[in-house]
Amino acid sequence: MARGIQMANNELEIRLTGDLDAKKIHNDHLALITILSVHPFVRNNLLMDLEVSSDFAKTVEDRFAYKINFTSTKGIAYVSSKDSKPCLAFSGGVDSTAALMLMPKNTICAWLDRPQLAERTLYNKTAAKYTMEYAKKLGYEVHKVYCDIEHIRKPVGFPVDLTSGMTAIAIASQRDVDSIAYGMVMESAYRTGHAKFRDYPRSFHYKSWAPLFAAAGIPLHLPVGGVSEVGTSKIVLESEFNGAARSCIRGEWPDPCNNCWKCFRKTLVDNRLLGIPSSESSMTEWVKVREVKYKLKSWPVSHENVLAWALKGANVSGATANSLLARLEGSRRELNLLSRWYPPSIELIPEKYRESFKLLISNYLETMSTDEITQSESLDISDWLGSDIAGLAREEFEKIVNPSTNQAQE
């Protein structure tokens, strides 16, 4: 468990609406929801008053550091029909919307409707609500499901990253769902936005969770797992959702807050894609934003490959942008591969949907070349992080961002 995170409540609520009945949630799916909810807080034993299938019970056995016990393991496994559909854990953000564009038109969208229980919160639902209504108008089946899972822990947040798909899991058995999709991008899955490439399908994270979803009859489905944030932005800008989806969760729709890390990163990417100038004056204002300043202190910066790609555009000018780019590892290499699809990620798509996925993604993105695949898989920027050039660039950028601090030190 991350330092400072603790379990704050021992109950959570999921409110199914319409003809959906909580009593009809499959027991294997209830078990998966429970594990996703309490995983970080369990030490020795997790007891569940559920009769699950033997396949699910066998899959979770010895998978985690704690023991999981069920009332019975003689339950009937969930099996979707030949006419089944995928379900997307749909947030309404750019990455999630791009994932939807790479899935069949009959994809079910499940939005986890987070309650605003605190009197003071930065979270604003208006953008997500707009995108959900827009998706419904386009003919998608959309389920808005209230779920207070984020309040089971303190500080507020998801216990596990895949917990965001809980509402999709909850409706799966009643909507004949055959897979659960997420908008997890390549920077997160393969960690191409971090210090070193990770072979995600062979990673501890994937090997821990993917078998549980598969054993529950709803395998993981990651359409943008091999797509960078550059690619997801390009997909949405060229799709029917252009102008109807955004990643900022703070501003009142239709306006983003323009005061958060997501707004900074996504705006720079969109500006390059659309040819909108990112001037010295705009960059100066961006680096004054408290959250942006904080994020840019990281070493390396999260998703710094995406930032470097955006700052390399001909639309960018000024000393601040140049100094920030010099401080990023991506300044030393060509990054056009970020606008292309990483083909080995096809294994993150259920077999049933692979051929249609390839056709859909070809409408938006080119495929990486063999050399670009090798470049992606050999990513390791530790030499850069420890170099004198990088250290000096970092210091020079700090002088631009915090001139008063530097003057005081002198």
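In this report, the structure presented in the accompanying data block is examined. Note that the coordinates shown come from a computational prediction; the quantities given were computed from them, not determined experimentally.

**Side note on the packing of aromatic side chains**
- Tallying each qualifying case throughout the model produces 16 aromatic pairs.
- Taking the centre distance of 6.3 Å and the plane angle of 45° together, the rings of Tyr140 and Phe241 count as tilted. Here Tyr140, found in the loop between helix H4 (126-137) and strand E7 (141-147), pairs with Phe241, found in the loop between helix H8 (229-237) and helix H9 (261-274); they are 101 residues apart in sequence, far enough to count as distant.
- Ring geometry for Phe264 against Trp286: centres 5.5 Å apart, planes inclined by 55°, an arrangement best described as tilted. Of the two residues, Phe264 sits in helix H9 while Trp286 sits in helix H10 (residues 280-286), which places them 22 residues apart along the sequence. Both residues of the pair, Phe264 and Trp286, belong to the buried class.

**Focus: the pattern of salt bridges**
- For the structure shown, the criterion picks out 26 salt bridges.
- Between Glu133 and Lys144 there is a salt bridge, and its shortest N-O distance comes to 2.3 Å. Here Glu133 is found in helix H4, whereas its partner Lys144 is found in strand E7, with 11 residues between them in sequence.
- With a shortest N-O distance of 2.9 Å, Lys352 and Asp178 are connected by a salt bridge. In this pair, Lys352 is assigned in the loop between strand E11 (340-341) and helix H14 (354-362) and Asp178 in strand E9 (residues 177-181), connecting sequence segments 174 residues apart.
- Judged by its relative accessible area of 46%, Lys352 is partly exposed.
- Overall, the relative accessible area of 9% leaves Asp178 in the buried class.
- One salt-bridge network, held together by shared partners, links Asp95, Glu229, Arg265 and Lys266.

Quick notes on the rules
Residues numbered from 1 in each chain as written. Predicted model: local features only at pLDDT ≥ 70, side-chain atom pairs only at ≥ 80, totals over all residues. Heavy atoms only, no water. Phe/Tyr/Trp six-rings, centres within 6.5 Å; stacked < 30°, edge-to-face > 60°. Helix = DSSP H or I, 4+ residues; strand = E, 2+ residues; numbered from the N terminus. Buried < 20%, exposed > 50% of the residue type's maximum accessible area, 1.4 Å probe, protein only. Salt bridge = Lys/Arg side-chain N within 4 Å of Asp/Glu carboxyl O.

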